[in-house]
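The chain contents come next:
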Amino acid sequence: MSEENIMYRIESSPQIRHADSTARIMWSVVLALLPAGIWSVVNFGPYVLAVIAVSVITAVVLEYLLARLMGRSTIQDGSAVLTGLLIAYNMPPGVGLFIPIIASAFAIAVVKWSFGGLGANWINPALAGRVFVFFSWTGAMTTWKAPRFWSAVDTTSGATVLSTVKTSLLDAEGIISGPAGLLGDLGYQSTAFARQAASWFSDTLNIGVSPIHIDLFIGTVPGSLGEVSALLLILGGIYLAAKHIITWHTPISYILSFSLLIWIFGGVQYGTGLFSGDVLFHLFSGGMMLGALFMATDMVTSPTTYAGMIIFGIFTGFLTFLFRIYGSLPEGVSLAIIIMNIFVPMIDRYIQPRRFGVVKQRSQA
Amino acid sequence: MRNISTFSKGGVHPADRKELTCTKEIVRLPTPKHIIIPFSQHLGVPANPIVKKGDIVAAGDKIGEAAGFISADIHTPAAGTVSEIKEIFLPNGMYTKAAVIAVDETGSLELTEKRDWKTMDPHQIVAEVKDLGIVGMGGATFPANVKFSVPKGKKAEYVVINGVECEPYLTSDHRIMLEKGLEVLEGALIIAKMVGAPKVYIGIENNKKDAMEHLESLITAHHLPIEIQPLRLKYPQGDEKQLLKAVIGKEVPSGALPIDIGAVVSNVGTAQALYQAIVYRKPLIERVVTVTGDAIRDPGNFLVTIGTPIQDLIDACGGFREQPEKMVAGGPMMGFAFYDLQTPVMKGTSGVLALTSKESRKEVTTACISCGRCVAACPMGLQPTRLYKNISVGNYTESLGLGLLDCKECGCCAYVCPAKLPLVQGMRLGKNMSRKMKK
């Protein structure tokens, strides 16, 4: 063997690899999230760009420094950018900039790197960051900005539809026709477009949806800056599913179990009895779509088997339902996902694939 | 023809790249002046050399003798003088003895007699299979006589011929079925006779429809008791466990062999070599090799004398179109990267790939993100990520309990891994270390 022959790369099989890499997955998720981000700029004004910028920059800088400290280099994997972006998406549009900075720092330094960086954290860093600042600065985290397309007079302190419904239900008496009806009674203003669309739906297609559903679906409502438009988030989710980056198991089982429980029990508080819950209202409001499509599907903090993902989804749906309907806070998505993150190692221990050629499998615990 | 089927669990779909060579007819490559015959061309113990430097050998002479139960005889394909016995590196990393033979003019083997295998005794056939150095030619190179000796107390019900060729790029089996179809079919019947199995199937993936139709027409024309099983495209369908699941619907139990469910599996190349061995008394001295990859100027299929340096095959293709990033002996999923173009073609060399940096990128390894893709891809229902994590901290006992020994290194897990972890290498390490622990 002469010197000139030794020029070919020697590697263990397989000699070819699938094109997907960690970085490609992370950047694809970032790409899928972009439309919702652009919408938030349109909806809430250019200030949200500052929120996004500080969240992402804090996350990336800390990721770089902590990886350096460990003698590694990880910023090119895109995970820090994604965490920063998700934190920004979970902030109220007018939030003071120190809050997303602290949320990002907590997510990267405490939740992610104190356990060893990417892949070693056991709860979703972005959600943990959000929950941390939510309980530390609850006031700032629940002050909402009205969307641009609102004709309402009050444009500085709009409440989210979920929190309005939650507080009003406490005083409500008698039978109310669901959350949309309640909001209507309170004089909640829908956008002109939503009213037109709703009447088109009922006139032409004979489908009864309230203008509020339309507003929620498109995203012309107050809320966290990246969560408001169910439509754009669903489009992002479809893109990820089409690229085989997420599978249906977690989001669909999550959404189905949540919808089923809302349908069965969601109407009880309104006095309309069982099987009368407003599923569309709950699906398109709050952080449901952002959570189901982009947070619960976080690979690191969800189970590795399809069966495990379905169980994870079903229980996350159950917890979200509990927190939203019976909890004292209007939202439940973040807490539900975080709690289920904690159960993932247990799910992975008990839900293992059946081995080929093994008929009776004893638990490997 | 039966209804299309496949195996149920796991599997991957790499781009098959067979279009490069699937229409290229097999071309006979002349035997070079010097051939290098390694004494370890099979799974198991290397053969003992029975020639020494300066010996004169005739074509087809035995030059290495099986050195144990799982071992195989080695023959010289051409007449000449043993010019050297030296040690060489094989692509699989083994360091082994090889005979270098200076071939004379009168080199090639004369095939004169043609025997009727139908009148031969099964035991005699098995003995000849051993004597003629036949091994599995799909890549694993398991000694064929061992495979075709049904152990006492076991009964063979099915012979399943493996025409799957699930490895991307390779088309040598495809071409053999098209060009030597009848020999493959008769070889299958010889195997059935050896093991005493009443049913014979040939499993073929449906990216080789022309081969299916060709064999089907031969079966009808010659009234052969063989059925073709079309299979849906999925790697690693050519693994015997997956193939049996797809063809006869049964799972080989963990730790058991196909014969435990009454099946014997053999590759089409092996069946054809076996036919020639039994009918013409021809040892295994040549094979069909696919030479392909984007770095090869004019890819093709060649009938190559064993011992031919791979450089000769590349020359026959007009050399390289561009500098290859990686040279691979075998298919891209389970083949071995090698660096020396003087490496000889052996009994198990189904293909030679010259891959460009685009086909085989240099990857950066990141931390495992628990995406679960390896778990979904594993055809054996294992959890490669969990095994890998246990092995990398030296937890071999735990990994054995998780089914490490079921892993056959098909590479599905590492193929899909977005973190580009060396999962297959990890499994090999785990197996080796567990074996050492036992001692």
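Rules used throughout
The numbers attached to residues start from 1 for each chain and follow its sequence in the written order. Chain A is the first chain written and ligand 1 is the first ligand written, with later ones labelled in order. Local features in this predicted model are restricted to residues of pLDDT 70 or higher, and side-chain atom pairs are both shown and tallied only at a pLDDT of 80 or more, whereas totals for entire chains, interfaces and linings draw on every residue. Working from all heavy atoms in the structure, the side-chain values ignore hydrogens and water. When a carboxyl oxygen of Asp or Glu is within 4 Å of a side-chain nitrogen of Lys or Arg, the pair counts as a salt bridge. Helix and strand assignments come from DSSP, with helices taken as H or I runs of at least 4 residues and strands as E runs of at least 2, each series counted from the N terminus. Exposed residues in this analysis have more than 50% of their type's maximum accessible area, buried residues have under 20%, and partly exposed residues fall in between, with area computed by a 1.4 Å probe over protein chains only. Residues are said to line a cavity or pocket when one of their atoms sits within 4 Å of a point; the points come from a 1 Å grid over protein atoms alone, cavities being sets where a 1.4 Å probe fits but cannot get out and pockets being open sets with protein on both sides within 12 Å along at least five of seven lines. Grid points are joined across faces, edges and corners, and a volume is the space filled by probe spheres set on the points. Polarity classes work like this: nonpolar for Ala, Val, Leu, Ile, Met, Phe, Trp, Tyr, Cys and Pro, charged for Asp, Glu, Lys and Arg, and polar for all others, with Gly in that last group. Note that domain bounds follow an automatic or database assignment of domains. Buried area: the accessible surface (1.4 Å probe) lost by two parts on joining, summed over both. Each polar contact in these results corresponds to two N or O atoms within 3.5 Å; when the atoms are within protein, one needs to be able to donate a hydrogen and the other to accept it, and residues that are neighboring in sequence are counted only if both atoms are side-chain atoms. Any two residues having at least one pair of non-hydrogen atoms within 4.5 Å are treated as being in contact. Stacked, tilted and edge-to-face pairs are distinguished by plane angle, under 30 degrees for stacked and over 60 for edge-to-face with tilted covering the rest, among Phe, Tyr and Trp rings (Trp via its six-membered ring) whose centres lie within 6.5 Å. Comment: the charge-over-ring label is applied if NZ (Lys) or CZ (Arg) is within 6 Å of the ring centre and within 35 degrees of the ring normal. In short, DSSP must find at least two bridges between two strands for them to pair. Every patch collects residues that have over 30% relative accessible area and no salt bridge, joining them within 9 Å if they carry like charges and within 5 Å if they are nonpolar side chains (Val, Leu, Ile, Met, Phe, Trp, Tyr). Note on areas: these come from Shrake-Rupley sampling with a 1.4 Å probe, and a residue is covered only by the protein chains present in the view. Charge counting follows a simple rule: Lys and Arg are positive, Asp and Glu are negative, and His as well as the terminal groups are ignored. Just so you know, the charge point we use is NZ for Lys, CZ for Arg, CG for Asp and CD for Glu.

Draft legend 1. Here's a closer look at the pattern of salt bridges. Taken as a whole and assessed by the stated rule, the structure comprises 30 salt bridges over all chains. With its nearest N and O atoms 3.4 Å apart, the salt bridge here joins aspartate 298 of chain B to lysine 24 of chain B. Of this pair, aspartate 298 of chain B sits in the loop between strand 13 (286-292) and strand 14 (300-305) while lysine 24 of chain B sits in the segment before strand 1 (26-28), placing them 274 residues apart in sequence. Taking relative accessible area as the criterion, aspartate 298 of chain B reaches 45% and is therefore assigned partly exposed. Through salt bridges with shared partners, a single ionic network connects Arg9 and Glu11 of chain A together with Glu325 and Lys326 of chain B.

Draft legend 2. Just the layout of surface pockets, in detail. Reported here for the second largest pocket is a volume of approximately 710 Å³. If you go around the second largest pocket, you meet 29 residues; those closest to its centre are His244, Thr247 and Tyr306 of chain A together with Arg373 and Ala376 of chain B. For the lining of the second largest pocket, the secondary structure elements donating two or more residues are helix 12 (249-265) and helix 15 (306-326) of chain A together with helix 9 (373-377) and helix 12 (412-416) of chain B. Taken together, the residues that form the lining of the second largest pocket break down as 12 nonpolar, 13 polar and 4 charged.

Draft legend 3. Highlighting the domain arrangement of chain B. Residues and elements named next belong to chain B. Once the domains are mapped, chain B shows domain 1 (18-22 + 112-280) and domain 2 (373-438). For domain 1 versus domain 2, the separation of C-alpha centres amounts to 30 Å. In total, domain 1 and domain 2 occlude about 500 Å² of area from one another, counting both sides; carbon and sulfur atoms represent 51% of this. Where domain 1 meets domain 2, there are 1 salt bridge. At the junction of domain 1 with domain 2, the criterion picks out 5 residue pairs in polar contact (both at pLDDT 80 or more). For the side of domain 1 that touches domain 2, a count of residues per class yields 2 nonpolar, 3 polar and 2 charged.

Draft legend 4. Molecular detail of empty space enclosed by the protein. Residues and elements named next belong to chain A. Inspection of every chain in the model, using the stated rule, returns 8 cavities of 30 Å³ or more. Approximately 300 Å³ is the volume attributed to the largest cavity. Met26, Leu82, Leu86, Asp298 and Met299 are the residues nearest the centre of the largest cavity, which is lined by 23 residues in total. The set of elements that each furnish at least two residues to the lining of the largest cavity consists of helix 1 (22-44), helix 3 (79-89) and helix 5 (125-136). No other element matches helix 3, which puts 4 residues into the lining of the largest cavity. Looking at the lining of the largest cavity, its residues break down into 15 nonpolar, 6 polar and 2 charged. Of the domains in this structure, domain 1 (22-141) and domain 2 (161-350) are the two that each give at least three residues to the lining of the largest cavity.

Draft legend 5. Quick peek at the interface of chain A and chain B. At the interface, 42 residues of chain A touch 67 residues of chain B. With both chains or domains summed, chain A and chain B bury close to 4700 Å², and 53% of this area falls on carbon and sulfur atoms. Of all residues in chain A, Arg9, Arg17 and Phe356 of chain A bury the most surface against chain B, accounting for 20% of the area lost on that side. Joining chain A to chain B, the criterion identifies 5 salt bridges. Counting across the interface, chain A meets chain B through 28 residue pairs in polar contact (both at pLDDT 80 or more). Every element with two or more residues in the side of chain A that touches chain B is listed here: helix 1, helix 15 and helix 16 (333-350) of chain A. Class assignment for the residues of the side of chain A that touches chain B results in 18 nonpolar, 15 polar and 9 charged.

Draft legend 6. Quick peek at the domain arrangement of chain A. Residues and elements named next belong to chain A. Here chain A is partitioned into domain 1 (22-141) and domain 2 (161-350). Here the C-alpha centroids of domain 1 and domain 2 sit 23 Å apart. On the side of domain 2, 33 residues touch domain 1, which itself brings 35 residues to the contact. Its largest share of buried area at the contact with domain 2, domain 1 owes to Ala32, Trp39 and Leu127, together 19% of the area lost on that side. The tally of links between domain 1 and domain 2 comes to 0 salt bridges. Where domain 1 meets domain 2, there are 8 residue pairs in polar contact (both at pLDDT 80 or more).

Draft legend 7. Examining the packing of aromatic side chains more closely. The tally for this structure, following the rule as stated, stands at 12 aromatic pairs over all chains. Here the aromatic rings of phenylalanine 89 of chain B and tyrosine 95 of chain B are separated by 4.8 Å at their centres, their planes lie at 50°, and the arrangement is tilted. Joined through ring pairs, the aromatic side chains of Phe265, Phe321 and Tyr326 of chain A make up one cluster. The ring of phenylalanine 7 of chain B carries lysine 234 of chain B above its face, with NZ or CZ at 4.4 Å from the centroid.

Draft legend 8. Quick peek at unusual backbone geometry. Following serine 13 of chain A, the chain continues into proline 14 of chain A via a peptide bond in cis, with omega recorded as -5°. With respect to the helices, strands and loops of the structure, proline 14 of chain A is situated in the segment before helix 1. With an omega dihedral of 0°, the bond running from tyrosine 235 of chain B to proline 236 of chain B counts as a cis peptide bond. Positionally, proline 236 of chain B belongs in the loop between strand 11 (227-231) and helix 6 (240-247). Of note in this structure, arginine 17 of chain B is not a glycine but carries a positive phi near 50°. Relative to the helices and strands, arginine 17 of chain B is located in the segment before strand 1. Unusually for a residue other than glycine, glutamate 165 of chain B sits at a positive phi of about 45°.

Draft legend 9. Structural view of the pairing of strand 13 of chain B. Residue and element names in this part refer to chain B. In terms of residue burial, strand 13 counts as a mostly covered element, since 7 of its 7 residues are buried. Burial along strand 13 is two-sided: the face carrying Glu286, Val288, Thr290 and Thr292 and the face carrying Arg287, Val289 and Val291 are both buried. The pairing of strand 13 with strand 17 (residues 351-355) spans 3 bridges and is parallel. Along strand 17, the bridge assignment pairs threonine 292 with leucine 353.

Draft legend 10. Layout of the sheet that holds strand 6 (residues 74-75) of chain B. Residue and element names in this part refer to chain B. In spatial order, the strands read 3-5-6; together these 3 strands make up an open sheet with antiparallel pairing. In the strand order of this sheet, the two ends are held by strand 3 (48-49) and strand 6, each with one partner. Pairing of strand 5 (residues 62-65) with strand 6 involves 2 bridges; the strand directions are antiparallel. Its bridge partner being in strand 6, glycine 64 is matched across the sheet by isoleucine 74.

Draft legend 11. A look at a positive patch on the surface. Taken together, the side chains of Arg435, Lys436, Lys438 and Lys439 of chain B define a basic patch exposed on the protein surface. Along the chain, the position of lysine 436 of chain B falls in helix 13 (residues 423-438).

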